[in-house]
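Summary of the model geometry
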Amino acid sequence: HHCRWFGQMSLPRELSVRNGRLYQRPIRELEQFRSNPVSYQDITVDGNLTLPGVEGRMVDLELTVRPAHNSGLYQKFAVRFAQDERYKTALSSRPHESTLKIDRKFSGSRRAYIHQRRSLVPQTDGTLKLRIILDRFSAEVFVNDGEQVMTATISTDLAAKGISFFSDGQVLMDVTKYDLFAEG
C-alpha cells in the first residue's frame, strides 16, 4: 500500500449528488492513516483558544461550531494553522455574510499569489462543519460534508505547526484531531 497522495496537491475525492448538488469528500481510505485522536466536545470559544494536543502539519481535523446557547449569532469564527509566533494561515467564517475565507497573508510566502480566497457558504443557523486536511504544504477544507471544497498551498516552514481557534461572539465547538502518517 503506497499512499500516493501524501505530498501531492490534492487528495482523491469521492463524489456524490444529493438534492441536485455535487458533494466531494476525501476518499474513505484516508481514514486508515489516522492515528493519535485528540477530541474535545462542547468547548466554548470566545476570543483566542488553543487546545492541548491539537497541532501538526500532517493532520485530519474535524470540527463543528454552533452559536452558544442564547448568545445570538457570532460575528466571526476562525481556525488558524501552520502557525507559530510569526506565521499563520487562517480559515475564517462570517455567518452574517455567509462567507468562508482562507487567508495566507501571514503565511510567510513572498510569492505574489492571491492570498485570499472566498467561498459562499449559506449558514442559516450559524452551524458550520469543517474537515481540514493538512498535508505538509497544503490544506484542503471540506465544508458541511463536502458541499464546498477549498484548497490552498502553504509555504510556511514545517516547524510552524500550531493550530488555534478564534471567535468574535460565543460559539460551542466540537473538535477531533488525527495525525496522518504516510506508508511506504
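Below: a short report on this structure. Residue numbering note: each chain is counted from 1, following its sequence as written. Where local features are concerned, this predicted model is filtered to residues with pLDDT of at least 70; where side-chain atom pairs are given and counted, the filter is 80 or more; whole-chain, interface and lining totals use all residues. Computation of side-chain values covers all heavy atoms of the structure but excludes hydrogens and water.

1. Description of the pairing of strand β4 (residues 58-67)
Side-chain positions along a regular strand alternate between the two faces of the sheet. When β4 meets strand β9 (residues 128-135), the two strands line up antiparallel, connected through eight bridges. In the strand pairing of β9, D60 is matched with I133. Two strands are counted as paired when DSSP detects at least two bridges linking them. A helix here means a DSSP run of H or I that spans at least four residues, while a strand means a run of E at least two residues long, and both kinds are numbered starting from the N terminus. Summarising the sheet, β4 and strand β12 (residues 162-180) pair through nine bridges and their orientation is antiparallel. What sits directly across from P67, in β12, is V171.

2. Things to note about a nonpolar patch on the surface
Here, patches come from residues exposed beyond 30% relative accessible area and free of salt bridges, joined within 9 Å for like charges and within 5 Å for nonpolar side chains (Val, Leu, Ile, Met, Phe, Trp, Tyr). Residue-level accessible areas treat just the shown protein chains as cover; the underlying method is Shrake-Rupley with a 1.4 Å probe. Between Lys or Arg on one side and Asp or Glu on the other, a salt bridge is scored when a side-chain nitrogen of the former is within 4 Å of a carboxyl oxygen of the latter. On the surface, L15, V17 and L22 cluster together into a nonpolar patch covering about 310 Å² of accessible area. Checked against the element boundaries, L22 lands in strand β2 (residues 21-26).

3. Considering the layout of surface pockets
Using only the protein atoms, space was sampled on a 1 Å grid; points where a 1.4 Å probe fits but cannot get out form cavities, open sets with protein on both sides within 12 Å along at least five of seven lines form pockets, and lining residues are those with an atom within 4 Å of a point. Grid points are joined across faces, edges and corners, and a volume is the space filled by probe spheres set on the points. Empty space within the largest pocket amounts to approximately 230 Å³. Taken together, 16 residues line the largest pocket, and the ones lying closest to its centre are R25, E62, K129, R131 and D145. Of all the secondary structure elements, the ones that give two or more residues to the lining of the largest pocket are β2, β4 and β9. Under the convention adopted here, Pro, Cys and the residues Ala, Val, Leu, Ile, Met, Phe, Trp and Tyr are nonpolar, Asp, Glu, Lys and Arg are charged, and Gly plus all remaining residues are polar. Broken down by class, the residue content of the lining of the largest pocket amounts to four nonpolar, four polar and eight charged.

4. Describing the side chain of R34
Tracing the sequence through the fold places R34 in strand β3 (residues 34-49). A simple rule labels every residue: compare its accessible area, found with a 1.4 Å probe on the protein chains alone, to the largest value its type can have, and call it buried under 20%, exposed over 50%, or partly exposed in between. Owing to a relative accessible area of 19%, R34 belongs among the buried residues under this scheme. Here a polar contact is recorded for every N or O atom pair within 3.5 Å, except that within protein the pair must consist of a potential hydrogen donor and a potential acceptor, and residues adjacent in sequence are included only if both atoms are side-chain atoms. Of the polar contacts made by the side chain of R34, one reaches the side chain of D60; its length is 3.0 Å. The contact definition used throughout considers only heavy atoms, calling two residues in contact when any of these lie within 4.5 Å. Apart from the residues within four sequence positions on either side, R34 is in contact with D60, E62, R131, Y178, D179 and L180.

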